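Coordinates in review
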Amino acid sequence: MKYAIPAWDLPSVPVAGSDLAFPVRHIYCVGRNYAEHAKEMGGDAAKEPPFFFTKPADAIVPVVPPSVADVHYPLATRNYHHEIELVVAIGARGSVVAPERAEALIFGYAVGLDMTRRDLQHAMREIKRPWDIGKSFAEAAPIGPIHRVAEVGHPKRGRIALEVNGAIRQQGDLADMIWDVPHMLHFLAQYYELLPGDLVFTGTPAGVGAVVAGDELVGRIESLGELRIRIVAPQGP
Ligand code: MN
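Throughout what follows, the structure given in this document is the object of discussion. Numbers given to residues run from 1 along each chain, matching the order in which its sequence is written. A pLDDT threshold of at least 70 governs which residues receive local features in this predicted model, and a stricter bar of 80 or more applies before side-chain atom pairs are shown or counted, although totals over entire chains, interfaces and linings include all residues. Excluded from the side-chain calculation are hydrogens and water; included are all heavy atoms of the structure.

**Digging into the overall build of the protein**
Defined as follows: By definition, any uninterrupted DSSP run of H or I lasting at least four residues is a helix, any uninterrupted run of E lasting at least two residues is a strand, and each is numbered from the N terminus. Using C-alpha atoms as the atom set, the radius of gyration is obtained and then compared with a globule rule of 2.2 Å times the number of residues to the power 0.38. Summary of the burial criterion: residues with accessible area below 20% of their type's maximum are buried, those above 50% are exposed, and those between are partly exposed, where the area comes from a 1.4 Å probe applied to protein chains only.
Across its full length, the protein carries 6 helices and 18 strands. Here the C-alpha atoms of the protein give a radius of gyration of 17 Å, agreeing with the 18 Å that 2.2 N^0.38 yields for 237 residues. Its C-alpha atoms give the protein principal-axis dimensions of roughly 45 × 40 × 40 Å. The buried share of the protein, taken over its 237 residues, is 48%.

**Concerning the pattern of salt bridges**
To keep things clear, this is the line we draw: Salt bridges are counted wherever a side-chain nitrogen of Lys or Arg sits within 4 Å of a carboxyl oxygen of Asp or Glu.
Following the criterion strictly, the structure yields 12 salt bridges and no others. The closest approach of N and O atoms between Arg-230 and Asp-70, which form a salt bridge, is 2.6 Å. Of this pair, Arg-230 sits in strand E18 (residues 225-232) while Asp-70 sits in strand E6 (residues 69-72), placing them 160 residues apart in sequence. For Arg-230, a relative accessible area of 31% puts it in the partly exposed group. Asp-70 gets classed as partly exposed once you look at its relative accessible area, which sits at 40%. If you follow the salt bridges from partner to partner, you end up with Lys-55, Glu-83, Asp-114, Arg-118 and Lys-135 in one network.

**Considering the pairing of E18**
Looking along a regular strand, one sees side chains alternate from face to face of the sheet. Condition: Pairing between two strands is assigned when DSSP locates at least 2 bridges connecting them.
In this structure, E6 lies alongside E18, joined through 4 bridges in parallel fashion. Within E18, the position partnered with Ala-69 by the bridge is Ile-229. Both strand E17 (residues 216-221) and E18 contribute to a ladder of 6 bridges, which runs antiparallel. Within E18, the position partnered with Leu-217 by the bridge is Ile-229. Two successive antiparallel strands, E17 and E18, enclose a turn made up of 3 residues, where Ser-223 displays a positive phi of approximately 80°.

**Concerning the sheet that holds strand E16 (residues 209-210)**
Hydrogen bonds along the backbone pair up the strands of a sheet, which may run parallel or antiparallel. With respect to topology, 3 strands assemble into an open sheet ordered E10-E7-E16, the strand pairing being antiparallel. The open sheet has two edge strands, strand E10 (116-117) and E16, and neither has a second partner. Judged from the 2 bridges that link them, strand E7 (residues 80-82) and E16 form a sheet pairing that is antiparallel. Each residue of the ladder has a partner; that of His-81, found in E16, is Ala-210.

**Side note on the sheet that holds E6**
The test is simple: Note on definitions: angles span 0 to 180 degrees between N-to-C directions of axes, and those axes are lines fitted to C-alpha atoms, for helices only across the stretch in contact.
Read across the sheet, 5 strands follow the order E6-E18-E17-E13-E14 without closing on themselves; strand pairing throughout is mixed. The strands lining the two open edges of the sheet, one partner per strand, are E6 and strand E14 (167-173). The sheet shows a mean angle of 20° between the axes of neighbouring strands, direction not considered.

Dropping the structure here:
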């Protein structure tokens, strides 16, 4: 017996200024890529090579402004955190790519949230087990429309910020990344062949913190617009 998933059920992200959708294949995330955030997590990332973790493609929650998406408070946590991030959408196949050639793989950029069950992440870290349970769960990756390189170029600087209920929680500049996007892709592509449909979450600036049901989050990146979500009560049985 052969099973197939209809193409229209695949997780996908709208492409800004078009009727197109970007089907999501795999989500990679880089850890500790802004020095001030690395410090608040108890490290000094500047001395370390980048490291990566993943989320399932179906963690995507596509949000098209001016819509506000409902995101359910996840199961089994008491410390659910926001991490605002620049997201890179891969549009070409590549492995073992030199940093100077890495931008050629990029289809576009978006505003994303790497939502995190921080208590579970830290509990697993303490006992040296994988953190998947803290990072990979339903609705863990809200994302705004993908802006094509032809429209926005390759953003290398610009404000990245997150407000919760109108108050600024996270604020930084893309120029403050420890590993810039070309070097990050260069590292990643030594371990994985990058393919169209891959997303790369590029790390978060300082100021991560907890949210609860009822909170409204607005993430913004200069030149990429905004992403709005509302945290709602956990999904019932
Ligand atoms: Mn993150």
